[in-house]
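Structure at a glance
Spelled out, the chains give:
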Amino acid sequence: MNSQEFSTPLDLKQIQVTDAFWHREQELVRTEVIPYQWEALNDRVEGAAPSYCMRNFKVAGRMMREKKDKGAAYVAPAYTFRGFEALPEDPAHPDEDKFYGFVFQDTDFSKWIEAVGYSLLQHPDPALEQTADEAIDIVCAAQLENGYLDTYYIINGMDRAFTNLRDHHELYCLGHLVEGAVAYYQATGKDKLLKAAMGFADYCCAYFGPAQGQCKGYPGHEIAEMALVRLYQVTGEEKYLELSRFFLDQRGTEPYYFDQEEKERAVHEGQPYRRTTNNFYHQAHLPVREQAEATGHAVRAVYLYSGMADVARLCRDEAMEAACDRLWDNVTREKMYVTGGIGATHLGEAFSFNYDLPNDTAYSETCAAIGLVFWARRMLQLKPCGKYGDVMESALYNTVLAGMALDGRSFFYVNPLEVFPQACHKDGRKAHVKSVRQKWFGCACCPPNIARLVSSVASYAYTESGTAAYGDFRQSEQSEIPVSKESRLPGKDRISDEAEAPDTLWIHLYMGSVLTKKVGEKTLDLKVESEMPWNGMVKVQLHGDHVPCRLAFRIPGWSGGVKAEYRCGGRPGQVTVDGAGAAVRPMPGEAHEAAGLAAEKNCASGRQGAVVCRDGYLYIDGIWQDGDEVILEMDMPVRILEADSRVRENIGKVAIARGPVVYCLEEADNGKDLHLCRLDLENLKASDIETEVTEELGHPMTVLKAPGKRMIPAESEKLYRPARPVRERDVTLRMVPYYAWNNRGEGEMSVWVRI
């Protein structure tokens, strides 16, 4: 574990996204998705499943006011279990004092407010901020005096709170509340919601822990682990980090907590105990440091692994880091779709066995891909390695963006790689696969998750190390949150030498932006120009007064090679990186040392313009000044991909990709019966596939055209008949980016194509 390579996300206040592609996505979230979701949270979207979210907060708020007014005469409700999802008997007239929706319905607000916070950083909007402040008032009014804030139990009865951690999502609600509160605080400096989140977290810190009398449980649906780390980072209060670490330490230890909890519920309810817990499903079958295979609910798993990566870095836990490495390799080498999607089966929204990656029944939940992005960024913070950035980029440009229509008004929960609409409608085994995006979901985790990730995407593009990146628990002038000097200091088991790390800015994703990197008392301003994901040209202009800094550029795994021209300290240089991203060699006419120990030594020592390529990153070390620049030219060939032979569903098929974008066939371009189409791989080279720039779907994108074959069906009245030679005709197969499919009406789609 090399703490010199640890990094933290660049503060979003120091980044302005100017990228044509991502600015459009962020504007879509700001102008369409966030307002639409606010209407959905208030049950005002016609034809969409009601959320009941803000209604529940208002019901709980009325209860708190009644409690205050009545004082000792107030009678709290006794707990009544009304199901994992409670719906009114008469949807038009719900009871005024009951909880409705899923047990985790509060998180609809938390994810919405998080997206609002990020959006306000990029585009101040007084009207949106006022709406958010009013929503926060409603939410905070529902909080109990002891800090507890989960409307499911506040309304249904607090006497059974924290008695079903496995299923009832209280700690999941805590996690999302913290994430939303921190984002809004960092955007606006307003700490009302942050104080509420801290109150709930403080309650949990007292309730859970290793001390005698404290609960030894942990979240059924993970996210609190990484959220508590974030709360620690913004406040400096180590108890939040300790609680996160406690949850991780307890998970999977024997006796299994979820089994014990279930036995206690059976006794309380006077029922015989029948074990229903599947600890594999909850990633609680082994201590986390011993886990090697991703199991169970895919979203929960990657949220857990994200928290593990955070704690491994902050607590220098090498065993935790090793577990993250094993799990990463298992997910990305044996359980991930070519689109960056994960979670193959709809049974439990879960990982299946290794290499089981069906296309037409794929679950590949949008939230799971988002969680994979979270995890990838945290692995990059542990150690900059190109494989993490490659997966993060693939998940973003493919499955994450496929989860939202190009107009931002409908969404996919499930992201199949093959769709036959008739099967979606008539085959119950594929009922989870939708052939068109939906307006909203009763379990609406995915739409607000997309909004919060897209709005904060810049924090996944850039991380930094150096004195400006650590130990700085910033406070707003509006904040009254106390942060002691002691809490600012790393504990004895924390990183104690972070400040010694060289000032480095890592660029993991290429997007047009203007940003500032602080280096001691100096600042280095960068202007990044990029046409990703359609073009591999990237230009970085630098401005500063002799600022010493190491710049690290990810060499994408999809690139056939990279040429870099740079001016550092006024001195020009050129270098090329081979397609494997593993070697640096000078371009003709330039004198550069080859990659290796000598170059790495020069890079580490700060020699002006020293260059090294390591683990998929090109490092340029020097003292930067006005007029300096770096220009990258990354080859972006069309790639014809095949799956490992153990992926049975894809034998005899290929997928097509260019840059980070995976392509698919659609009925709108190629007609019905896509299964009759194939690519003649024996006579097809990647260079035969043409690129075409089109704006037919509302913004510029590159589509592909490939010479192919289409089977001419044999006419016969028999279902089975003697085999005969296949007759085919020549066709041109048109392919669109996977993220853009189903924006021209319902129709067939396929990522994998026969050969």
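Thoughts on the overall build of the protein
In terms of helices and strands, the protein carries 19 helices and 26 strands. Against the 2.2 N^0.38 benchmark of 27 Å for 755 residues, the protein shows a C-alpha radius of gyration of 27 Å, consistent with a compact globule. With the C-alpha coordinates aligned to their principal axes, the bounding extent of the protein is approximately 85 × 80 × 50 Å. Per-residue burial over the protein gives 60% buried out of 755 residues.

Quick notes on the confidence of the model for the protein
Summarising the model, the protein shows a mean pLDDT of 91, and 91% of its residues fall at 70 or more. Note on residues 482-499: pLDDT is under 50 here. Beyond four places in sequence and across chains, it has 37 contacts.

A look at empty space enclosed by the protein
Within the structure shown, the criterion is met by two cavities of 30 Å³ or more. Considering only enclosed or pocket space, the largest cavity measures out at about 40 Å³ in volume. Partitioning the lining of the largest cavity into residue classes produces five nonpolar, one polar and one charged. Put simply, the second largest cavity is a space of about 30 Å³. Around the second largest cavity, the lining residues are E334, K335, G343, A344, F351, S352, F353, D356 and L357.

Some words on the packing of helix α6 (residues 170-188) against helix α8 (residues 224-235)
Two elements in contact, α6 and α8, have axes separated by 8 Å at closest approach and are oriented at 35°. α8 is crossed by α6, and the crossing has left-handed handedness. Contacts between α6 and α8 involve L171, G175, V178, E179, V182, A183, Y185 and Q186 on the former and, on the latter, A224, M226, A227, R230, L231 and V234. When the residues that make up the contact of α6 with α8 are grouped by side-chain class, the tally is 10 nonpolar, two polar and two charged.

Some points on helix α3 (residues 107-122)
When the terminal C-alpha atoms of α3 are compared, their 23 Å separation across 16 residues agrees well with the 22 Å that a helix rising 1.5 Å per residue should span. Buried residues dominate α3, accounting for 16 of its 16 residues.

A word on the pattern of salt bridges
If you walk through the whole model with that rule in mind, you get 51 salt bridges. Across the pair D621 and R550 runs a salt bridge whose closest N-O atoms are separated by 3.1 Å. Remark: R550 occurs in strand β11 (residues 547-554) and D621 occurs in strand β16 (residues 617-624); sequence separation between them is 71 residues. Judged by relative accessible area, which is 9%, D621 ranks as buried. Of the residues examined, R550 reaches a relative accessible area of 10% and is grouped as buried. Linked through salt bridges whose partners overlap, the residues forming this network are E666, D669, E692, E696, K705, R734 and R744.

Comments concerning helix α9 (residues 238-250)
The end-to-end C-alpha distance of α9, which contains 13 residues, comes to 18 Å, matching closely the 18 Å that a straight helix rising 1.5 Å per residue would cover. Buried residues of α9: Y240, L241, L243, S244, R245, F246, F247 and L248, and no others. Positive backbone phi, at 80°, marks G252, one or two positions downstream of α9.

Quick look at the nonpolar core
Buried together is how nonpolar side chains tend to be arranged in soluble globular proteins. Core analysis: the largest hydrophobic core is formed by 245 residues, its most contacted members being F109 and W112. Sequence-distant contacts of F109, that is, excluding residues within four places in its chain, are made with L41, C53, M54, F57, A135, I136, V139 and L193.

Calculation rules
- Residues numbered from 1 in each chain as written.
- Predicted model: local features only at pLDDT ≥ 70, side-chain atom pairs only at ≥ 80, totals over all residues.
- Heavy atoms only, no water.
- Helix = DSSP H or I, 4+ residues; strand = E, 2+ residues; numbered from the N terminus.
- Rg over C-alpha atoms; globule rule 2.2 N^0.38 Å.
- Buried < 20%, exposed > 50% of the residue type's maximum accessible area, 1.4 Å probe, protein only.
- pLDDT = per-residue confidence, 0-100.
- Contact = heavy atoms within 4.5 Å.
- 1 Å grid on protein atoms, 1.4 Å probe; cavity = no way out; pocket = protein on both sides within 12 Å on 5 of 7 lines; lining within 4 Å.
- Points joined across faces, edges and corners; volume = space filled by probe spheres on them.
- Nonpolar A, V, L, I, M, F, W, Y, C, P; charged D, E, K, R; others polar.
- Axes fitted to C-alpha atoms, helices over the stretch in contact; angles between N-to-C directions.
- Left-handed = near helix turned anticlockwise from the far one by under 90°.
- Expected span 1.5 Å × (residues − 1).
- Salt bridge = Lys/Arg side-chain N within 4 Å of Asp/Glu carboxyl O.
- Core = buried A, V, L, I, M, F, W, Y, C linked by side-chain atoms within 4.5 Å.

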